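Architecture at a glance
Listed below, chain by chain, are the residues.
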Amino acid sequence: EATGVGSPAPSAFATWSEAARLAQAGMEVGAHTLTHPHLSLLTAAEQRIEIYGSAQLIQERLGIAPAGFAYPGGDYDPASVREVRSAGLTHAVTTRAGDVLPGADLWTLPRRALSEGACLGPTGAFSSRLARAELNGAFDRLRGAVEVPG
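Quick summary incoming for the structure in this document. (Residues numbered from 1 in each chain as written. Predicted model: local features only at pLDDT ≥ 70, side-chain atom pairs only at ≥ 80, totals over all residues. Heavy atoms only, no water.)

A word on the sheet that holds strand β1 (residues 68-70). One open sheet accounts for 3 strands, arranged β1-β2-β3; its pairing is parallel. Each end of this open sheet is capped by a strand with a single partner; those strands are β1 and β3 (109-111). The mean inter-strand angle of the sheet, taken between neighbouring strand axes irrespective of direction, is 45 degrees. (Pairing = 2+ DSSP bridges. Helix = DSSP H or I, 4+ residues; strand = E, 2+ residues; numbered from the N terminus. Axes fitted to C-alpha atoms, helices over the stretch in contact; angles between N-to-C directions.)

Here His91 is to be found in strand β2 (residues 91-97). A polar atom in the side chain of His91 sits 3.3 Å from the side chain of Glu28. Excluding anything up to four places from it in sequence, His91 contacts Glu28, Ala67, Gly68, Phe69, Val84, Leu106, Trp107 and Leu109. (Polar contact = N/O pair within 3.5 Å; in protein donor to acceptor, adjacent residues only side chain to side chain. Contact = heavy atoms within 4.5 Å.)

All right, on to the packing of helix α2 (residues 44-62) against helix α3 (residues 78-86) then. For the pair α2 and α3, the least separation of the axes is 9 Å and the interaxial angle reads 45 degrees. On the basis of the axis angle, α2 is oblique to α3. In the crossing of α2 with α3, the sense of the turn from one axis to the other is right-handed. Contacts between α2 and α3 involve Ala44, Gln47, Arg48 and Ile51 from the former and Ala79, Ser80, Glu83 and Val84 from the latter. (Parallel < 35°, antiparallel > 145°, perpendicular 65-115°, else oblique. Left-handed = near helix turned anticlockwise from the far one by under 90°.)

As far as function goes, none of this settles anything; it's purely spatial.
Printed below as a string of structure tokens:
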């Protein structure tokens, strides 16, 4: 109620119990906003409620202070970055594909993601070779994530 959110956003990814087990197993549970908005369409004050409220909810439910933040849909602006930093989070990820290199901006990190079906071979079965290729960036040029030298 303090954050102005009347009901929790629906999530099919994990229950709080499942998230607690992930955290207990050593996985990072990071913040991601309360209602999954396009942050750049919100005022700084609205962004603060979404970002800080998400981190606070994780602290309350899991007893851990999240370190990381994922921008919903990869959407952010300079106010988003300021609010993530002021919420006490140590880093944030975008949806830009790429490797984190030394000196990278901790508040706009690229990441590697495996979308549904990305690691399925021609027969529809999981392919460890395709998974390795995805994680190593083999398809970045095809997706426009890397500029082709010209």
